[in-house]
Amino acid sequence: MGAFDQAKDKAEQMKGRAKEKFGDATDNESLANEGRADQVKGKAKEKFHDVQDDAGDKLHDAKERLTGDRDENR
């Protein structure tokens, strides 16, 4: 996963935690729920990017095996 994507996903999770805590502290259930939703979205995006990167790596490895190319810079 790119560093930028990873930072965005983590920031969304942190924003969600802050919203949830603020919502809990102020008895604002809607804000707390919104914060929990932000956390779930951030985690889901992070997992999606991990799967995407893993698939790209596997595709690259399969291409190397089929073509015999070895990209030493990868």
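In what follows, the accompanying structure is described. Each residue is numbered by its place in its chain's sequence as written, counting from 1. In keeping with the predicted nature of the model, local features appear solely for residues at pLDDT of at least 70, side-chain atom pairs appear and are counted solely at 80 or more, and the whole-chain, interface and lining totals rest on all residues. In computing side-chain values, all of the structure's heavy atoms are included and hydrogens and water are not.

## Here's the deal with the pattern of salt bridges
The term salt bridge refers to a pairing of a side-chain nitrogen on Lys or Arg with a carboxyl oxygen on Asp or Glu at a separation within 4 Å. With the rule as written, the count across this model stands at six salt bridges. Note that Lys-45 is salt-bridged to Glu-12, the shortest N-O span being 3.1 Å. Of the two residues, Lys-45 sits in helix 2 (residues 29–67) while Glu-12 sits in helix 1 (residues 3–25), which places them 33 residues apart along the sequence. Buried, partly exposed and exposed residues are distinguished by accessible area as a fraction of the type maximum, computed with a 1.4 Å probe on protein chains only: under 20%, between the cut-offs, and over 50%, respectively. Residue Glu-12 is classed as buried on the basis of its relative accessible area of 13%. Residue Arg-36 is joined to Glu-20 by a salt bridge in which the shortest nitrogen-to-oxygen separation is 2.9 Å. Here Arg-36 is found in helix 2, whereas its partner Glu-20 is found in helix 1, with 16 residues between them in sequence. For Arg-36, a relative accessible area of 33% puts it in the partly exposed group. Glu-20 gets classed as buried once you look at its relative accessible area, which sits at 19%. Ionic contacts of the salt-bridge type, sharing partners, join the residues Glu-12, Lys-41 and Lys-45 into one network. Numbering of helices and strands runs from the N terminus, with a helix taken as a DSSP run of H or I at least four residues long and a strand as a DSSP run of E at least two residues long.

## Things to note about the environment of Ala-3
Relative to the elements of secondary structure, Ala-3 occurs in helix 1. Judged by its relative accessible area of 61%, Ala-3 is exposed. In this structure, the C-alpha to C-alpha distance between Ala-3 and Val-51, residues 48 residues apart in sequence, is 15 Å.

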